[in-house]
Amino acid sequence: MGIEKIVIVGGGTAGWMAAAALSRIKAGRNVDITLVESEAIGTVGVGEATIPPFVGFNELLEIDERELLSEIQGTFNLGIQFENWGNRGESYIHPFGAYGYSMGGLSFHQVWKRFKQAGDNRPLQVFNAETMAAYFGKFMRSEDYQKQRDDLPPINYAYHLDAGKYAAFLRKYAERLGVVRQEGKVSDVAVDGESGFVTSVTLESGAQITGDFFIDCSGFRGLLIEQTLKTGYEEWTKWLPCDRAVALPCGRDDGSPPPPFTRAIAHSAGWQWQVPLQNRNGNGHVYCSQFMGDDEAHTILAGNLAGTPQADPNFLRFVTGRRKKFWNKNVVALGLSAGFMEPLESTSIHLINTGIDKLMSLLSLDGITQVQQDTFNRLTEREYIRIRDFLILHYNATQRDDSEFWNYVRTMEIPDTLRQKVDIFKANGQIYREEDELFTESSWTAVMMGQGISMEGNHAMVETFDLEKTRKELDEMEQSIRFLVQNMPGHAEYLAKYCPAKAA
Ligand SMILES: Cc1cc2nc3c(=O)[nH]c(=O)nc-3n(C[C@H](O)[C@H](O)[C@H](O)COP(=O)(O)OP(=O)(O)OC[C@H]3O[C@@H](n4cnc5c(N)ncnc54)[C@H](O)[C@@H]3O)c2cc1C
């Protein structure tokens with residue numbers, strides 16, 4: 001059976017990202033796309049930090065970056081600063097670009113370690129342009145200089161955004177391309193008795209919307225994928241036990257400029273995010289209800305803000321894990337209905353993005369096949385597991401023993417997949433990236449070294465390096481990064497020229 005009508009249930013970030021991307025297929029084939037959302041239910045309203053592939057998502061939609069950032073109070077993001085994770089008082093940046101470049105088939109950090117052993121005291125960070133720009137509060141895009149100076153390293157960046165404004169921006173985009181928005185609360189879902197396929201959703205008003213293919217973007221409730229199709233959920237709370245968050249936006253009362261990075265500040269039973277937009281900071285405290293109550297979590301957050309709160313605290317509950325199938329029958333789950341991992345590495349919007357990519361490449365409007373579903377599910381499961389392991393690393397690689405929470409995560413059993421990764425790194429600094437996993441060698445290195453896991457041995461090849469010759473390369477690398485950062489404008493100055501925010 002061909003697909004002529006696609007129905008998207010939910011109009012949060014996931015729903016409108018899916019609508020905007022799918023609206024582009026309308027140009028080639030006559031397919032109706034309807035998005036149903038309920039203002040009365042609203043959206044989760046958080047989700048403000050992104051990672052670099054998100055820039056590519058918007059480019060694919062041919063969205064003008066300056067216009068987008070102006071509309072969504074956007075700022076640039078060069079990485080995440082983790083504070084108090086390995087130990088209290090320590091911090092490091094997980095940058096969005098690589099440390100140096102690979103040399104003689106070795107990763108840069110393996111070569112760097114050899115130099116360190118030979119008495120070179122330069123920290124790894126000076127070989128990463130994003131980290132250095134972040135430390136100095138500077139920013140520039142590669143396009144601004146690479147035509148004149150292609151010897152300078154590129155700058156990898158993402159955005160900080162106002163989630164509500166981003167959804168509204170995409171709504172305009174998708175509606176312009178013919179997506180029909182239907183306001184109303186879904187009160188009933190009909191399923192075909194034989195195939196088990198969803199056939200329609202009915203709104204409280206009585207209006208019925210039929211469809212051949214459904215995208216469940218209804219948030220944590222999983223209206224179609226779970227409440228209707230009973231797909232099942234695999235919990236990962238034994239490894240990622242945080243299950244609550246409280247969000248509280250605030251001003252920057254001292255008028256300080258927005259830093260070009262996200263902050264993730266560990267507390268006694270979880271951590272706090274700080275996301276700088278042009279007009280305010282997004283803040284939240286993710287915590288574990290087994291070790292901390294709502295009042296205490298709120299008090300900690302309120303005591304660590306850069307300015308006056310701009311809303312009432314928004315308390316959220318979640319269960320970390322994933323849907324057992326992301327594509328079931330004629331329903332694909334995207335966003336919070338597909339699963340949830342805390343926003344420690346800003347991966348949720350990214351998973352919406354890659355879900356849409358996979359759907360766009362696998363979907364045939366001529367009908368749904370089992371192999372499409374199986375492929376989508378296999379690839380998505382793999383992606384979730386790799387990200388899960390990376391997040392667990394942040395909790396487990398710690399020396400903190402100052403609370404029951406940290407004692408639990410420091411001593412918990414971790415998945416074998418992660419254990420192997422850590423053991424191999426310890427042996428000689430090797431990072432094996434599994435298939436097309438999101439996080440790069442530099443990402444794993446940043447977190448492992450940032451949180452106290454060291455390379456105990458050397459890679460066998462490193463001994464063959466001519467140190468004097470290689471030192472020159474290292475010096476040039478460091479100097480070009482220093483030159484680049486010195487010549488960058490401040491982040492706030494760049495924003496003011498490139499994409500000043502429209503009035504809030
Ligand atoms: C504490 C927290 C912090 C986060 N921070 C980040 C971050 O920094 N970076 C990041 O990438 N991600 C982050 N996320 C995740 C991010 O917020 C979500 O991935 C993103 O907002 C997508 O949400 P959604 O669209 O799936 O769900 P929602 O925003 O909940 O939207 C659900 C939609 O479904 C509609 N709906 C539900 N039921 C019905 C019904 N019966 N009838 C009609 N409509 C219905 C609602 O009206 C709404 O439009 C965070 C999440 C949480 C919980």
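Residues numbered from 1 in each chain as written. Predicted model: local features only at pLDDT ≥ 70, side-chain atom pairs only at ≥ 80, totals over all residues. Heavy atoms only, no water.

> I'd like a description of the site of the ligand, backed by residues and values.
Surveying the vicinity of the ligand reveals 35 residues, the closest of which are Gly11, Val46, Ala49, Val186 and Ile349. In the model, an oxygen atom of the ligand is placed 3.3 Å from a nitrogen or oxygen of the Thr13 main chain. Within the backbone of Val186, a nitrogen or oxygen atom sits 2.8 Å from a nitrogen atom of the ligand. A total of 1000 Å² of accessible area belongs to the ligand in isolation, and the protein chains cover 97% of it. Mapped by element, the contributors of at least two residues to the shell around the ligand are helix H1 (13–23) and helix H9 (348–362). If one sorts the elements of the shell around the ligand by residue count, H9 sits on top with 3 residues. Its residues placed into classes, the shell around the ligand shows 17 nonpolar, 14 polar and 4 charged. Taken domain by domain, the shell around the ligand gets at least three of its residues from each of domain 1 (5–74 + 161–237 + 319–386) and domain 3 (244–316). (Near = heavy atom within 4 Å. Polar contact = N/O pair within 3.5 Å; in protein donor to acceptor, adjacent residues only side chain to side chain. Areas by Shrake-Rupley, 256 points an atom, 1.4 Å probe, with all protein chains shown as cover. Helix = DSSP H or I, 4+ residues; strand = E, 2+ residues; numbered from the N terminus. Nonpolar A, V, L, I, M, F, W, Y, C, P; charged D, E, K, R; others polar. Domains from an automatic or database assignment.)

> So what's going on with helix H6 (residues 163–176)? Which residues, and what values?
If you check H6, its first and last C-alpha atoms are 20 Å apart, about what 14 residues at 1.5 Å a residue would give, namely 20 Å. Of the positions making up H6, those classed as buried are Ala163, Tyr166, Ala167, Phe169, Leu170, Tyr173 and Ala174. In an axial view of H6, the angular spread of the buried residues amounts to 160°, which keeps them on one side of the axis. Packing partners of the buried residues in H6 comprise H1, helix H2 (53–60) and helix H3 (65–71). Its side-chain oxygen at 3.0 Å from the backbone nitrogen of Gly164, Asp162 defines the N-terminal cap of H6. (Expected span 1.5 Å × (residues − 1). Buried < 20%, exposed > 50% of the residue type's maximum accessible area, 1.4 Å probe, protein only. Arc of directions from axis to C-beta. Contact = heavy atoms within 4.5 Å.)

> Please give an account of the domain arrangement of the chain that cites residues and values.
Under the domain assignment used here, the chain contains domain 1 (5–74 + 161–237 + 319–386), domain 2 (98–159 + 393–488) and domain 3 (244–316). With both sides pooled, the region where domain 1 packs onto domain 3 buries about 1100 Å², and carbon together with sulfur makes up 60% of that total. One can count 2 salt bridges joining domain 1 with domain 3. Salt-bridge contacts for Glu48 lead to Arg280; the nearest nitrogen and oxygen are separated by 3.0 Å. At the boundary of domain 1 and domain 3, one finds 6 residue pairs in polar contact (both at pLDDT 80 or more). (Buried area = accessible area lost by both parts, 1.4 Å probe. Salt bridge = Lys/Arg side-chain N within 4 Å of Asp/Glu carboxyl O.)

> Describe the packing of aromatic side chains, listing the residues and the values that go with them.
As enumerated under the stated definition, the model contains 30 aromatic pairs in all. Measuring from centroid to centroid gives 5.4 Å for Tyr494 and Tyr498, while their planes differ by 40°, and the two rings are tilted. Highlighted residues: Tyr494 and Tyr498, both in helix H15 (residues 491–498), separated by 4 residues, approximately one helical turn. By the burial criterion, Tyr494 is buried, and Tyr498 matches it. Here a set of aromatic residues connected by ring pairs shows up, and it is made of Phe54, Phe57, Phe76, Phe139, Tyr157, Tyr159, Tyr166, Tyr494 and Tyr498. The ring of Phe376 is capped by Lys358, whose NZ or CZ atom sits 5.9 Å from the centre of that ring. In this structure, Arg388 packs its charged tip against the face of Trp236, placed 5.0 Å from the ring centre. (Phe/Tyr/Trp six-rings, centres within 6.5 Å; stacked < 30°, edge-to-face > 60°. Lys NZ or Arg CZ within 6 Å of the ring centre and 35° of its normal.)

> Give me the sheet that holds strand E1 (residues 5–9): which residues, what numbers.
What links the strands of a sheet is backbone hydrogen bonding, and the strands pair in either a parallel or an antiparallel sense. The strand order across the open sheet built from 6 strands is E7-E2-E1-E11-E20-E19, with neighbouring strands paired in mixed fashion. Each having just a single partner strand, strand E7 (180–183) and strand E19 (327–328) make up the two edges of the open sheet. Pairing analysis gives 5 bridges linking E1 to strand E2 (residues 32–37), with the strands arranged parallel. Note that in E2 the partner of Val7 across the bridge is Thr34. (Pairing = 2+ DSSP bridges.)

> Mind laying out the pattern of salt bridges, listing which residues take part and the relevant values?
For the coordinates displayed, the defined rule picks out 32 salt bridges. One salt bridge in this structure joins Glu234 and Arg322, with 3.0 Å as the shortest N-O distance. Taken as a pair, Glu234 in strand E12 (residues 233–235) and Arg322 in strand E18 (residues 321–323) lie far apart in primary sequence, 88 residues in all. On the basis of relative accessibility, which here comes to 5%, the residue Arg322 falls in the buried class. One salt bridge in this structure joins Glu381 and Arg322, with 3.5 Å as the shortest N-O distance. With Glu381 in helix H10 (residues 370–396) and Arg322 in strand E18, this pair connects stretches of sequence that are 59 residues apart. Residue classification places Glu381 among the partly exposed residues on the basis of a relative accessible area of 31%. Members of the salt-bridge network, linked through shared partners, are Asp120, Arg122, Glu468, Arg471, Asp475, Glu478 and Arg482.

> Tell me about the pairing of strand E16 (residues 281–287), residues and numbers included.
Counting buried positions along E16 gives 7 out of 7 residues, so the element sits mostly inside the fold. Burial of E16 is two-sided: the residues Asn281, Asn283, His285 and Tyr287 facing one way and the residues Gly282, Gly284 and Val286 facing the other way are all buried. Relative to E16, strand E13 (residues 244–247) runs antiparallel, the two sharing 4 bridges. The residue bridging Val246 from the neighbouring strand is His285, located in E16. As paired strands, strand E15 (residues 270–276) and E16 are joined by 7 bridges and run antiparallel to one another.

> Give me the nonpolar core: which residues, what numbers.
Ranked by internal contacts, the top residues of the largest apolar core, which has 159 residues, are Phe76, Leu393 and Tyr395. If you tally residues by element for this core, the top one is H10, at 9 residues. Residues contacting Leu393, with those up to four places away along its chain left out, are Leu418, Val422, Trp444, Val447, Met448, Gln451 and Ile453. (Core = buried A, V, L, I, M, F, W, Y, C linked by side-chain atoms within 4.5 Å.)

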